Amino acid sequence: RSELKPKAVHLDRETFSCPICLDLLKDPVATPCGHSYCKNCIKDHWDTEDEKRIYSCPQCRKSFIPRPELLKNTMLAALVEQLKKTGLQAAPADLCYAGPEDVACDVCTGRKLRAVKSCLFCLVSYCEKHLQPHFDVAQFKKHKLVEPSEKLQENICSRHDEVMKMFCRTDQQCICILCSMDEHKGHDTVSAAAERTERQRELEGSRHNIQQRIQDREEDVKLLQQEVEAINGSADEAVEHSEKIFTQLIRLMEKRRSDVKQQVRSQQETEVSRVKELQEKLEQEITELKRKDAELKKLSHTEDHNQFLHNYPSLSALSESTHSSSIKICPQKYFEDVTAAVSELRDKLQDVLREKQTNISLTETEVDVSLPQPEPKTRTDFLRYSCEITLDPNTAATSLVLSEGNRKATRVSQHQSYSSHPDRFTYWVQVLSRESLTGRCYWEVERRGESGGEGGVYVAVAYKNICRAGRSEECLFGQNDKSWMLYCDRNRYDFHYNKVSTPVSGPQSSRVGVYLDHSWRY
């Protein structure tokens, strides 16, 4: 025997909820189209449509004229009351109520659900429930549904209150059909869909260009990353190699220092032994002489003449004396030659290191995508690149005196007795800085003349390989392609480069700022 057991029907809260207030139906009534609402909800909804005198169903949008009479749905009311007693399932957790950032359903009343689509024909946004007629009713199926949007009203012409389905290419704006026959009459107008198709092609082209540029920039980033890795690797290798070389140099210097110390101490020991040996001989001679002097003194007091004459010959004979010429005293000069040699070695080493310092520099690589640095405009901007400049005594002409830690140069009438040096300017009254300059550098020069007057001075920037010896213009700042010079007089400024002089206007001041922007390119 077979049995049929009825399957339990599970009805959730939403099944018996009012589509307007989304709460359980209260006094349910049915419209002529068969949809049920709370009596007060549908009554309030139709009250808002009194002016139009056309009443519609919020769900299927069917219109009624005149306003229908609402009849209580007694069966549904009894079922709701029964289910209230037996209990209903809780509403799904993802009932999707509209949040602050969501587009709310325009049909829902009370707490609104989140819209899932917007209709460009109705200009209304719908939740999933209220959207259903667009799938069920044949007339609604032709409507254009899009993702929920809060800007639907922007599709309405503010002048004619019509949907803007046209586009005016002349004025580059969306218009309605009435606008095309009114203020836009005679303009180049097309449908919004046609313009969209055209712009869509342009958009795809723009996207293609952007994606190509992204790909190019990503390749550039990879190349730059490789450059960074190459720079880091080269720097690490250079540091490691230089550390080894400098360690070897330090060891060599330490060995040389130890050798010099050992040689000095050995010579010291030899010389001290020689002196002490001579000193002992002298002390022995002194002792012998004192003994001989005592004997002679005793003999001088002898009263016996025969005894005196007999002993005198043996006592008067003296041993050979140490000659004073063998004693050479050179106070504090025994090892001056060593000190001089070490000092000379130090000076030569300093010159070599200073000469080679410019060669120990980083190679700068030009990169097309590097960001340009803004040019300084105010003194505050320039001071960001300020650097300490000291003058090199080895380059100063003999008519210049350096002072204040080699930061001040003064011209004097009496030539100074400077040592001969290959870097010195032998004729022109000029001096170079000790520092080699590259990149962006800024410094200021204070110029002062005798008796407080403003004397003419030259402020210049030059390459290190500028000629130094002789009175040729190849040695004079501003008269060759190795230097740039600004001449500052009491009443004027002149700029000189490669034998070309250019007057420069500017306020008279005792302070001159020098800004150098120089980067090596290999």
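Here is a short report on the structure shown in this document.

What counts, and where the lines are drawn
- Residues numbered from 1 in each chain as written.
- Predicted model: local features only at pLDDT ≥ 70, side-chain atom pairs only at ≥ 80, totals over all residues.
- Heavy atoms only, no water.
- Buried < 20%, exposed > 50% of the residue type's maximum accessible area, 1.4 Å probe, protein only.
- Helix = DSSP H or I, 4+ residues; strand = E, 2+ residues; numbered from the N terminus.
- Pairing = 2+ DSSP bridges.
- Core = buried A, V, L, I, M, F, W, Y, C linked by side-chain atoms within 4.5 Å.
- Polar contact = N/O pair within 3.5 Å; in protein donor to acceptor, adjacent residues only side chain to side chain.
- Contact = heavy atoms within 4.5 Å.
- Axes fitted to C-alpha atoms, helices over the stretch in contact; angles between N-to-C directions.
- Parallel < 35°, antiparallel > 145°, perpendicular 65-115°, else oblique.
- Left-handed = near helix turned anticlockwise from the far one by under 90°.
- Phe/Tyr/Trp six-rings, centres within 6.5 Å; stacked < 30°, edge-to-face > 60°.
- Lys NZ or Arg CZ within 6 Å of the ring centre and 35° of its normal.

Thoughts on the pairing of strand β16 (residues 483–488)
- For β16, a buried count of five out of six residues is recorded, marking the element as mostly surrounded by other parts of the structure.
- Of the pairings in the sheet, the one linking strand β15 (residues 457–462) to β16 comprises six bridges and is antiparallel in character. Paired with Tyr458 across the two strands is Tyr487, which belongs to β16.
- Summarising the sheet, β16 and strand β17 (residues 493–497) pair through five bridges and their orientation is antiparallel. Opposite Tyr487, over in β17, you have Asp494 as the bridge partner.
- Adjacent in sequence and paired antiparallel, β16 and β17 are bridged by four residues.

Here we look at the environment of Arg384
- Mapped onto the secondary structure, Arg384 falls in the loop between α9 (379–383) and β12 (400–403).
- Arg384 sits in the exposed class, given a relative accessible area of 59%.
- Each C-alpha atom of the pair Arg384 and Arg440 lies 9.4 Å from the other, and the pair is 56 residues apart in sequence.

Description of the nonpolar core
- Phe16, Cys18, Ile20, Leu25, Tyr37 and Ile42 are the most contacted members of the largest nonpolar core, which totals 18 residues.
- Put simply, the parts of the chain that give this core at least two residues each are β2 (36–38), α1 (39–47) and α2 (74–86).
- In terms of nonpolar packing, the next biggest core, distinct from the first, is built from 10 residues, Cys105, Leu113, Cys119 and Leu131 among them.

Things to note about the sheet that holds strand β6 (residues 117–119)
- In space, the three strands of this open sheet follow the order β7-β6-β8, with antiparallel pairing throughout. Where the open sheet ends on each side, the last strands, each with one partner, are β7 (124–126) and β8 (145–146).
- Of the pairings in the sheet, the one linking β6 to β7 comprises three bridges and is antiparallel in character. Residue pairing across strands places Ser118 opposite Ser125, the latter belonging to β7.

Considering the side chain of Ser483
- As for its position among the elements, Ser483 is in strand β16.
- When its relative accessible area of 0% is taken as the criterion, Ser483 is described as buried.
- Within the structure, Ser483 has its side chain in polar contact with the backbone nitrogen of Gly478 (distance 2.8 Å).
- Of the polar contacts made by the side chain of Ser483, one reaches the side chain of Asn480; its length is 2.9 Å.
- Among all residues touching Ser483, those that are not within four sequence positions of it are Val461, Ala462, Ile466, Leu476, Phe477, Gly478, His496 and Tyr497.

Side note on the sheet that holds strand β5 (residues 71–72)
- Taken in spatial order, the three strands line up as β2-β1-β5 in an open sheet, and their pairing is antiparallel. The open sheet has two free edges, formed respectively by β2 and β5, since each of these has just one partner strand.
- Against the sheet, α1 touches β1 (28–30) and β2, its axis set at about 90° to β2.

With respect to the packing of helix α6 (residues 192–300) against helix α7 (residues 305–316)
- Direction vectors running N to C along α6 and α7 enclose 165°, while the axes themselves pass 11 Å from each other. Put simply, α6 runs roughly antiparallel to α7. Seen along the crossing, α6 lies across α7 with a hand that is left-handed. Residue-level inspection shows Lys292, Glu295, Leu296, Leu299 and Ser300 of α6 in contact with α7, the latter providing Phe308, Asn311, Tyr312, Ser314, Leu315 and Ser316.

A look at the packing of aromatic side chains
- In total, this model carries 11 aromatic pairs according to the counting rule given.
- Plain terms: the ring middles of Tyr427 and Trp428 are 4.9 Å apart, the flat faces sit at 85° to each other, and that makes the pair edge-to-face.
- The class of Tyr427 is partly exposed, set by a relative accessible area of 39%.
- Given the relative accessible area of 22%, Trp428 is considered partly exposed.
- A centroid spacing of 5.0 Å and a plane angle of 45° characterise the contact between Tyr458 and Tyr487, whose relative ring orientation is tilted. Within this pair, whereas Tyr458 is found in strand β15, its partner Tyr487 is found in strand β16, the two being separated by 29 residues in sequence.
- Joined through ring pairs, the aromatic side chains of Phe382, Tyr385, Tyr442 and Tyr515 make up one cluster.
- Positioned above the aromatic ring of Tyr97 is the side chain of Arg111, whose terminal nitrogen or guanidinium carbon lies 3.7 Å from the ring centre.
- The ring of Phe425 carries Arg468 above its face, with NZ or CZ at 5.5 Å from the centroid.

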